[in-house]
Each structure stands twice: as C-alpha cells, then as structure tokens.
Amino acid sequence: MPEAGDARPGATDVLEAYTSLVRVRLLVILAMAVLVIASFVVDLATGPSALGARDALRGLIAPHTLDRAAAVIVWEVRLPQAVMALLVGAALSLAGAEMQTILNNPMASPFTLGMSSAATFGAALAIVLGVGVPGVSQTWIISVNAFLFAFGSVLLLSALSRVHARGGESIVLFGIAMFFTFNALVALTQFIASEQALQQLVFWTMGSLTRATLDKAFVVAAVLALVVPFSLLSAWQLTALRLGQDRALSLGVRVSRLRFAGLLRASLLTGTAVAFVGTIAFIGLVGPHLARLLLGEDHRFFLPASMLCGALVLSVASCASKIVVPGLVLPIGLVTSLIGVPFFLVLIFGRREPA
Amino acid sequence: MSARGEALYIERLSAGYPRRRVIEGLTLDPFPEGRITALVGPNAAGKSTLMLALAGLIRATGAVRLGRRDILGMTVAERAGVVTFMPQALPQGVALSALESVMASLKASPVTGSETGGPRIRECAFAALERLSIGDIALEPLNRLSGGQRQLVSLAQAVIREPRVLLLDEPTSALDLRHQTQVMGLVRTLASEGKVVVIVLHDLNLAARWADHIVVLSDGAAAAQGDPEQAITPGMLARVYGVEAQVGRSALGHLQISVERVLEQSVRGRA
C-alpha cells in the first residue's frame, strides 16, 4: 500500500492502462488463431505417405490437379484428421475450462473426472459384447455408445451437483471414483474379450484421429456451434463464480443452475469428442491452464483462449504423432499423455499461493 | 431512523445446517436503517450463521423483513436487489485483477448487469476501488495481493451495487489499524446514506467505537442487545465470554473494554 506522499495513478491512467490490456489480450487471441492455422497447415502437409506440403495444399485448393491416390490422401485422410484435431482440441479444452470454474478445482477435466473412462466403457461394450442402441448402424455403434456413457456420467455428476449444492469438492471426488470404476469395468471387458476385439479396444483406448471423417467432424463442429454461444453468454457469471459461491449467490447468480448448465455443456462437448476419437487425455487440463497463464480468468477472454489453446495443442500433437517416428502414425492419445503428464506434475508441485 | 423507517426485522428465525440447527426461534429488536448494527459474541455463537441466513445462503424459517418486504421469501435475483453480503474471505489463487473482480460483481448480477455497459462499467468499478483508496492496485491480480488488500477489494465488490441492506462478515479481520479505521469510516458513511448495515465483529472495542446498535449472540440466542452502553457490560462479558473485564471510557469518550483475567467456570456460572 503506498504512503500518503506517493503519486497515485488517476482514473484516466488506470482506465487507459486497462484498455490497452484488453487490446493486448485480443492480440494474443489473434496470435493464437494464427498459430492454430499454421499448425493446421503443417498437419495437412505431413503424413506417412510421400505427399509433400506443396502438393497437399495444392490439392486442397485445386482438387482436379491431384491423381486419384493423392486426392484420397488429402481429402479422406489428412483433411478430416487435421480438422478433427482442431475441433476435438477446442471442445475438450472448453469443457475443461468450464468444469474447472464450475467445480472450483484446477484439476477438473473430462479425463480426470471419469468421462473419458465412461466413454471407453461404452465403446468396450460395443466392441467386445456387441451391445449397443438398437437400430444404430455398425459404423456408428461404438461412437453412439461412447457418447451415451460420457453424457450419462456427466449427468450423474450434474445431479450430484444439484444435491450437494455447496460441495464442488465432493463432486470432484465422485468424478475420481467414476474414473476408477469405469477403468475397472473396461479391464473386465478386456479380460473376457476375444483376441481380435481386444486389439480393437486397446487401439480405441489409446485415442486416435485415424477414424475421423468429414461427417464426424461436422457433428463435432455442430455441437461446438450449439454450445459456444451459451458458454460465452455465461462468461460474466462464471467470472463472478471465481470470487466464491457465496458471493456469486449474493450477486444474484443462480449458482446451481449455472453449474448444471455448465456440466451439461461439458458433457455434450466431451461425449461427442470422445465418441469419435477415443480417450485423449490432458487436453481438457492443459488447454485451460495455458489460457489462464496467458490471459487470466476474465471468462470473456479465458473461454475463447481455452478453445484456441486446446485446438493448438492437439493439432501440434497430431503433427508430432506423424513426425516422431517416420513412416508411422502414433495414436494421438499417447502423444498428449506424454506431453500432459509432465505438465500435470508441474501443475501439482508448482502451485504456490502468494502470501 | 430515517423518514422511510425501513428497519430490518428478525422474528422467530431458525437456521442452521443439515444436521445441526444453530439458531432456534430467534427474535431481535429491529436493526434500524441508517445505523450500524454489530453482531458480536464468542466463537461458535451463531454470528456467521445468522449472517448467512439473512443473506439467504442457508435454509431458514421464521421472518426476516425489510420494512414490509419479506426477504426470506425472495428469489435469489430479487434478494440481490436488496441485500448484499460480503463473505469473510476471497478465495485464493484467482487470476483476476482487482478491477475485473469488481466489474464482474456488477455485470454478473441480474440487478445491475444490463444497466452498465462498455466504458461505464470500468469507471464505476474503478470509482468503487478509489472510494477505499486502493485505485493504485486496480490492475494487480488478486492472487498477488495481501490478505488485507484482498479484503478491501472484497468490500469494494460488495458496496458497488448500492444495496439497501449491507451484510459484512468480519470485514476488518485482516486489516491494520489505519485500514480498520478507514473501512469503518466508510461503513459509517454507507449507513448514513440510509442503508441497514449489519456487521460481524470480533473486536469488541471496534464494535463499541463504531456501532450504533449491538447484538451479543451466545449459543444462537441474544445474550444482550441495545446501544453499546446497554449491550456491553462487565456482567455480560463475564456471562458470555467468561472474562473479568472493566468497561470505561477513553479520553475521547468512546467505550473501552479492558480484560483483566479469565474467570473460572464456577465464577462464570454465578456471574
């Protein structure tokens, strides 16, 4: 606190400084968007086939210049995967950002609270036992099962958040319990699975973009388009919730409704993303934390920045999965885990509260 | 009391937590408008529970009225238009600047959210910080402020919406003497603007110096209430706090409590 003699900044100085801070934040968001586009282009240009960057990009702009094989590589392999990386990264990261605020816990994310495990169990039921929603075609049965289980797990969490209106912590513990329960159930299905089903399931649990198609990417995009406006409309309420539940309530924020709606959005995003690409760990954790470090927690900036960070990290991971071992595409879930685990540890051990 | 005469009435109030009722059938003298009412009492006397019940944050039965308006029956949004509550502490590790946190208090509220847009909200938020002489930390992140500075920012978040009833839960607990006096001076100004101010204080000297009306709570019931001279007596201090104390006056005429010693249980019972 300054002494009486200090020159105190006037209203104009502070408000101008704040205006330029807002401008800087918008520039940071713009810069992130540029990086996302750059990573997308690199993602398109890399792959185990010999198709180079220039040919791949030319094929996108003028498809008729490519031969049949090259056109398939560009339009049916690389483009769906690159688009899916961006969309899934943005979806998981936005889900993580909202969950961290709503549950007041920096460790909350779709992966750590068991939604991904629930989705995996849903997929396992389809792969190993052939159990699925009647009438769903074989192409979609695994995705639909995974979605329903992820969605259901979050609905359970949401219901609990209504019952325990004052307990973000108990919800987190319940999520961790779900994580272990579903992992055990997945292990059980693995135990009884045939060799062929086991192979398919293990591959699914590693998380992979190779199953992406433009149709599936469109579904993820549609869910994002549906959810994002509602998230952004809640930005101020979510920011106020960071000041504590009692204060938010006292301001007139209907906290239980905000929490329920946020978890519902997170479940839609996670369920859809996981359904198509399997378990992709840590994006929902890393994305929001990067965004928070860069821009703080004013949710008007934090939510869009989280989406961009998630998209960027998953897109870079997608590039890495193709580059690390030449000629081979690693499952992207493995790559994000390898990036994510050290990050997670830094987060746990690096948390210091200032005096 | 001012011309509107809208005192805060608390009648037959029962409140507590799922398996623990803390307050049972509590009726108090009205808390007058334009005055500071201090809630004092030993630890676990029910001060914070009463505060949370008045703020509508825990389930309560009975009647809490501002004039004729029933506060307990209001929705969250309706109550926010009348009552503002300042909790004891701001959560730690929040990456928001002081200015943004006050802006969020305005914008998130259904009462004021739509009225204030663009540059106006920044000006209002900064003015609230300036009122507490903390304009210089407006752009500092909350997680880099000291406990006392956070408390002042928290107060700015509470007062910015100009509530009719202001509930403050130990707003001075982390503050040095100068800032305590400054905050209580501001609370006095807010009261004189016609608000009902209810404040939980642990420091009896601070309560005696600033409050117009004091409620001494003990085991969820009112052990004494009235103006400071009526409420704070050696008998009350022995009975409620279990201490032998003298109540005198400072050179400036303010009530002053000096504690001599802790009373034995038996003496306390007789006092």
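Sequence positions are assigned chain by chain, starting from 1 and proceeding in written order. Here every chain gets a letter starting at A, and every ligand a number starting at 1, in the order they are written. Only residues with pLDDT of 70 or above have their local features reported here, since the model is predicted, and side-chain atom pairs are shown and tallied only from 80 upward, although totals for entire chains, interfaces and linings are computed over all residues. Excluded from the side-chain calculations are hydrogens and water; all other atoms, namely the structure's heavy atoms, are used.

Let's talk about the pattern of salt bridges
Inference 1: Note on definitions: salt bridges are taken to be side-chain nitrogens of Lys or Arg within 4 Å of carboxyl oxygens of Asp or Glu. The tally for this structure, following the rule as stated, stands at 18 salt bridges over all chains.
Inference 2: Of the charged contacts, one joins R242 of chain A and E297 of chain A as a salt bridge, the two residues approaching to 2.7 Å between their closest N and O atoms. Of the two residues, R242 of chain A sits in the loop between α9 (235-241) and α10 (245-251) while E297 of chain A sits in the loop between α12 (283-295) and α13 (299-323), which places them 55 residues apart along the sequence. As far as burial versus exposure is concerned, R242 of chain A and E297 of chain A are alike and both buried.
Inference 3: The partner of E244 of chain B in a salt bridge is R261 of chain B, with the nearest N and O atoms 3.1 Å apart. Of this pair, E244 of chain B sits in strand β11 (residues 243-249) while R261 of chain B sits in strand β12 (residues 255-262), placing them 17 residues apart in sequence. Only DSSP runs of H or I covering at least 4 residues are called helices, and only runs of E covering at least 2 are called strands; the numbering of each starts at the N terminus. Buried means the residue's accessible area, taken with a 1.4 Å probe over protein chains only, is under 20% of the maximum for its type, while exposed means over 50%, and partly exposed covers the values in between.

A look at the nonpolar core
In a soluble, globular protein the nonpolar side chains are often hidden away together inside.
Inference 1: Here, nonpolar core refers to any group of buried Ala, Val, Leu, Ile, Met, Phe, Trp, Tyr and Cys residues whose side-chain atoms link them within 4.5 Å. Counting residues in hydrophobic clusters, the biggest one holds 201 residues, and the most contacted among them are M84 of chain A together with L8, F31, L50, L167, I214 and I232 of chain B.
Inference 2: Tallying contributions element by element places helix α3 (residues 68-102) of chain A first for this core, with 15 residues.
Inference 3: Two residues form a contact once any of their heavy atoms are found within 4.5 Å. Setting aside anything within four residues of it in sequence, one finds M84 of chain A in contact with G89, L209, A212, K216, A217, V220, F276 and V277 of chain A.
Inference 4: A56, L66, A71 and V74 of chain A belong to the second largest nonpolar core, which has six residues in total.

Regarding the sheet that holds strand β2 (residues 20-31) of chain B
Residues and elements named next belong to chain B.
Inference 1: Strands qualify as paired when DSSP identifies two bridges or more between them. Overall, antiparallel pairing links the four strands, which are arranged β2-β1-β4-β5 in an open sheet. Each edge of the open sheet carries a strand with a single partner, namely β2 and β5 (69-70).
Inference 2: Pairing geometry for strand β4 (residues 60-66) and β5, over two bridges, is antiparallel. Bridge pairing in β5 links R65 to D70.

Describing the side chain of S97 of chain B
Inference 1: Following the sequence through the fold, S97 of chain B ends up in the loop between β6 (83-86) and α3 (98-107).
Inference 2: Setting aside residues no more than four positions away along its own chain, S97 of chain B makes contact with A138, L139, E140, P141 and L142 of chain B.

Thoughts on the interface of chain B and chain A
Inference 1: At the interface, 51 residues of chain B touch 37 residues of chain A.
Inference 2: Values labelled buried area give the accessible surface lost by two parts on being combined, using a 1.4 Å probe and summing over both. Around 3,600 Å² of area is buried between chain B and chain A when both sides are counted, 63% of it from carbon and sulfur atoms.
Inference 3: Viewed at the interface, chain A and chain B are joined by one salt bridge.
Inference 4: Linking E100 of chain B and R25 of chain A is a salt bridge whose minimum nitrogen-to-oxygen distance equals 2.5 Å.
Inference 5: Under this definition, polar contacts are N or O atom pairs within 3.5 Å; protein pairs additionally need one hydrogen-donor-capable and one acceptor-capable atom, and for neighbouring residues in sequence, both atoms have to be side-chain atoms. The interface formed by chain B and chain A contains eight residue pairs in polar contact (both at pLDDT 80 or more).
Inference 6: Counting residues per element, the ones that place at least two in the side of chain B that touches chain A are α2 (76-80), β6, α3, α4 (118-131), α5 (147-159) and α6 (177-192) of chain B.
Inference 7: With seven residues, the single largest contributor to the side of chain B that touches chain A is α3 of chain B.
Inference 8: Grouping the constituent residues of the side of chain B that touches chain A by class yields 28 nonpolar, 14 polar and nine charged. Residues are grouped as follows: nonpolar covers Ala, Val, Leu, Ile, Met, Phe, Trp, Tyr, Cys and Pro; charged covers Asp, Glu, Lys and Arg; every other residue, Gly included, is treated as polar.

A few points about the packing of aromatic side chains
Inference 1: Stacked, tilted and edge-to-face are the three classes applied to pairs of Phe, Tyr and Trp rings, where Trp contributes its six-membered ring and a pair requires centres within 6.5 Å; stacked means planes under 30 degrees apart, edge-to-face means over 60, and tilted covers the rest. In this structure the tally under the stated criterion is seven aromatic pairs over all chains.
Inference 2: Relative to F276 of chain A, the ring of W140 of chain A lies with its centre 5.8 Å away and its plane at 80°, an arrangement referred to as edge-to-face. One end of the pair, W140 of chain A, is in helix α5 (residues 138-163); the other, F276 of chain A, is in helix α11 (residues 255-277), with 136 residues separating them in the sequence.
Inference 3: In textbook terms, an aromatic cluster arises when at least three aromatic residues are bridged by ring pairs, as seen for F111, F179, F180 and F282 of chain A.
Inference 4: A ring has a charge above it when a Lys NZ or an Arg CZ is no more than 6 Å from the ring centre and no more than 35 degrees off the ring normal. A cation over a ring is seen here: R65 of chain B above Y9 of chain B, with NZ or CZ 4.9 Å from the ring centre.
Inference 5: The aromatic ring of W210 of chain B is capped on one face by R209 of chain B, whose charged end is 4.2 Å from the ring centroid.

Points about unusual backbone geometry
Trans peptide bonds make up most of the peptide bonds, and negative phi angles are found at most residues other than glycine.
Residue and element names in this part refer to chain B.
Inference 1: At E170, a residue that is not glycine, the phi angle is positive and equals roughly 45°.
Inference 2: Tracing the sequence through the fold places E170 in the loop between β7 (165-169) and α6.
Inference 3: Residues other than glycine seldom take positive phi values, yet D219 does so here, at roughly 50°.
Inference 4: Relative to the elements of secondary structure, D219 occurs in the loop between β9 (213-218) and β10 (221-226).
Inference 5: Judged by its relative accessible area of 69%, D219 falls in the exposed class.

Thoughts on the packing of helix α1 (residues 11-45) of chain A against helix α2 (residues 53-61) of chain A
All names here are of chain A.
Inference 1: Note on geometry: axes are lines fitted to C-alpha atoms, helical ones only across the stretch in contact, with angles between N-to-C directions running from 0 to 180 degrees. One way to put it is that α1 packs onto α2 with a least axis distance of 8 Å and a crossing angle of 105°. As summarised for this structure, α1 and α2 are arranged roughly perpendicular, according to the angle between their axes. Facing α1, whose interface residues are V41, L44 and A45, α2 presents A53, A56, L57 and L60.
Inference 2: Here the contact of α1 with α2 is composed, by residue class, of seven nonpolar, no polar and no charged. An angle below 35 degrees is read as roughly parallel, one above 145 as roughly antiparallel, one from 65 to 115 as roughly perpendicular, and any other as oblique.

Looking at the state of the cysteines
Inference 1: Sulfur atoms of two cysteines make up a disulfide when they are within 2.5 Å. Scanning the entire structure with this criterion turns up zero disulfides over all chains.
Inference 2: Left without a disulfide partner, C319 of chain A is nearest to the cysteine sulfur of C309 of chain A, which lies 16 Å away.

So, a nonpolar patch on the surface
Inference 1: A surface patch of nonpolar side chains, about 450 Å² in accessible area, is lined by L129, V131, F191 and I192 of chain A.
Inference 2: Assignment of secondary structure puts V131 of chain A in the loop between α4 (115-129) and α5. Patch definition: residues above 30% relative accessible area lacking any salt bridge, with like charges linked at up to 9 Å and the nonpolar side chains Val, Leu, Ile, Met, Phe, Trp and Tyr linked at up to 5 Å. Only the protein chains shown count as cover for residues, and the accessible areas themselves come from Shrake-Rupley with a 1.4 Å probe.

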